[in-house]
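Breakdown of the fold
Each chain, written out:
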Amino acid sequence: MEIRQLEYFVAVCEELHFTKAAERLGITQPTLSIQIRTMEEEVGTLLFDRIGKKITLTEAGFILLRQARSILLKLQDAFDEINGLREYTGGNLVVGVMAAELDYRITPILIDFHHQFPNIHLKISSAIEVAEMVINNVVDIGITLIEFTDPRLVTTPLYTEEFVLVVSENHELADQESISLAALPSIPLVLYPKGFKGRELIERHCKEHGLNLNIIIETSTASSLYGFVKSNVAACIQPYSLSASLNDPTLRLIKIADFPPTRQIGIMHRTDKYLGVAALEFMKMIEKHLKM
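Parameters at a glance
- Residues numbered from 1 in each chain as written.
- Predicted model: local features only at pLDDT ≥ 70, side-chain atom pairs only at ≥ 80, totals over all residues.
- Heavy atoms only, no water.
- UniProt positions renumbered as here; feature names shortened; annotations may be inferred.
- 1 Å grid on protein atoms, 1.4 Å probe; cavity = no way out; pocket = protein on both sides within 12 Å on 5 of 7 lines; lining within 4 Å.
- Points joined across faces, edges and corners; volume = space filled by probe spheres on them.
- Helix = DSSP H or I, 4+ residues; strand = E, 2+ residues; numbered from the N terminus.
- Buried < 20%, exposed > 50% of the residue type's maximum accessible area, 1.4 Å probe, protein only.
- Salt bridge = Lys/Arg side-chain N within 4 Å of Asp/Glu carboxyl O.
- Phe/Tyr/Trp six-rings, centres within 6.5 Å; stacked < 30°, edge-to-face > 60°.
- Axes fitted to C-alpha atoms, helices over the stretch in contact; angles between N-to-C directions.
- Parallel < 35°, antiparallel > 145°, perpendicular 65-115°, else oblique.
- Contact = heavy atoms within 4.5 Å.
- Nonpolar A, V, L, I, M, F, W, Y, C, P; charged D, E, K, R; others polar.
- Core = buried A, V, L, I, M, F, W, Y, C linked by side-chain atoms within 4.5 Å.
- Arc of directions from axis to C-beta.
- Pairing = 2+ DSSP bridges.

An unreviewed UniProt entry lists the protein chain under the name LysR family transcriptional regulator, with Paenibacillus kyungheensis given as the organism. As stated in UniProt under Sequence similarities (unreviewed entry), the record for the protein chain gives "Belongs to the LysR transcriptional regulatory family."

In structure tokens:
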């Protein structure tokens, strides 16, 4: 079995569509189908169940996918390590970051990194499940909430911060310096949709204290969320430093005096991943700017 075939196989697994995978690989769909059939003949079993136009991985397919990703990762690590013997002037670095952090905190650091390493092809992916992207080798480095420990990950805490209530200057609570957690259910809120890490963290924290929030609007971008707040449609609960970084005089940040929700942000990479000079310098730069 050839390395090229493993790359073809992984592409089909990720797309679950032969035509889309072929377009991504820059080959024809018949050529891709022949390569996959050749692999199935070599392993002696089907790798995909084909149901009409849909395909799903078989149990054998899942096993091969896990091993194929490991093989391709080790091969890329070897190339990266060899390149690391020379002065590092090029290459790729893929970073996964939570969207709000990317918009308001990480982008200036990424710009500085680009100026320092202009020949590095930097790819930034904003996502919700950043830790899973690191585990699955979709990204080299992730910056996200620290929610769990995993032996496959090396995680360095960067900072911990409290959530605050954010309201418009025209909100009835605008003159308050602080508010109790128990008062939150009486306030109409705009939050991210279910599935977003911040939303889950806030709701879980409030439910632990026997509270159910009054969420009247859900929106998936930070700019939209703050837009509703500035228009005095609803308040929101957001990290303090993230909201303060907006420097918006029309917003008021109200501390939650007792039992405020908190979050911890960290930078992570796979335990078994080779990190070249660029990746190490990037991590060093992130820690210099953000670690508290």
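This brings us to the layout of surface pockets. Taken as a whole, the largest pocket holds about 1100 Å³ of empty space. As for the largest pocket, its lining consists of 34 residues, and the residues nearest its centre are Q76, V94, N137, V138 and D140. Of all the secondary-structure elements, those providing two or more residues to the lining of the largest pocket are α1 (3-15), α2 (18-25), α4 (59-83), β3 (91-97), β4 (120-126) and α10 (277-290). If you tally residues by element for the lining of the largest pocket, the top one is α4, at eight residues. Estimates place the volume of the second largest pocket at around 330 Å³. Mapped onto the lining of the second largest pocket, the elements with two or more residues apiece are α5 (99-116), α7 (197-208) and β10 (236-239).

Most peptide bonds adopt trans geometry, and most residues besides glycine take a negative phi value. One non-glycine residue, N137, lies in positive phi territory at about 60°. Backbone geometry at F259 places phi at a positive 55°, although glycine is not the residue there. F259 sits in the exposed class, given a relative accessible area of 51%.

The subject of this paragraph is the pattern of salt bridges. Inspection of the entire model under this criterion finds 21 salt bridges. If you follow the salt bridges from partner to partner, you end up with E14, E15, R24 and R69 in one network.

In this section: the packing of aromatic side chains. Tallied over the entire structure, the rule returns five aromatic pairs. Their ring planes at 55° and their centres at 5.6 Å tell us that F9 and F48 sit as a pair that is tilted. With F9 in helix α1 and F48 in strand β1 (residues 48-51), this pair connects stretches of sequence that are 39 residues apart. Residue classification places F9 among the buried positions, given a relative accessible area of 0%.

Tracing the backbone through its elements, the reader meets V97 in strand β3. The buried category is assigned to V97, whose relative accessible area is 0%. As a C-alpha pair, V97 and E129 span 32 residues in sequence and 9.2 Å in three-dimensional space.

This brings us to the packing of α1 against helix α3 (residues 29-43). Contact pair α1 / α3: the axes reach a minimum separation of 10 Å and the direction vectors enclose 105°. By the angle class used here, α1 and α3 are roughly perpendicular. Across the interface between the two elements, R4, Q5, L6, Y8, F9 and V12 from α1 touch L32, Q35, I36, T38 and M39 from α3. For the contact of α1 with α3, the residue count by class is seven nonpolar, three polar and one charged.

Turning our eyes to something else, we now look at the UniProt feature "domain: HTH lysR-type" (unreviewed entry) in the protein chain. What UniProt calls "domain: HTH lysR-type" (unreviewed entry) maps, in this numbering, to residues 1-58. Within residues 1-58, the helical portion is 62% and the strand portion 14%, while the C-alpha atoms at the span's ends are 19 Å from each other.

Considering the arrangement of structural elements, one finds L73 in helix α4. Look at L73 and you get buried, because its relative accessible area is 7%. Measuring from C-alpha to C-alpha, the distance between L73 and N137 comes to 7.7 Å, with 64 residues separating the pair along the chain. Setting aside anything within four residues of it in sequence, one finds L73 in contact with N137, R270, D272 and K273.

This paragraph deals with the nonpolar core. The nonpolar side chains of a soluble globular protein tend to be buried with one another. Core analysis: the biggest nonpolar cluster contains 46 residues, and I143, L165, L184, I237, F282 and I286 have the highest contact counts within it. Looking at which element gives the most residues to this core, the answer is α10, with seven residues. C13, F18, I36 and L65 belong to the second largest nonpolar core, which has 21 residues in total.

Turning to α2, its buried residues are F18, A21 and A22. Relative to the axis of α2, the buried residues are bounded by an arc of 100° and lie together on one face. Buried residues in α2 make contact with α1, α3, β1 and β2 (54-57). Just beyond α2, the residue with positive phi is G26, at close to 80°.

This next bit is on the pairing of strand β5 (residues 141-145). Along β5, five of the five residues are buried, which leaves the element largely enclosed by surrounding structure. Bridging between β3 and β5 involves three bridges; their strand directions are parallel. By the bridge assignment for β5, V97 is matched with I143. Examined bridge by bridge, β5 and strand β12 (residues 262-270) share four bridges and lie antiparallel to one another. Residue pairing in the sheet places I143 in a bridge with I267 of β12.

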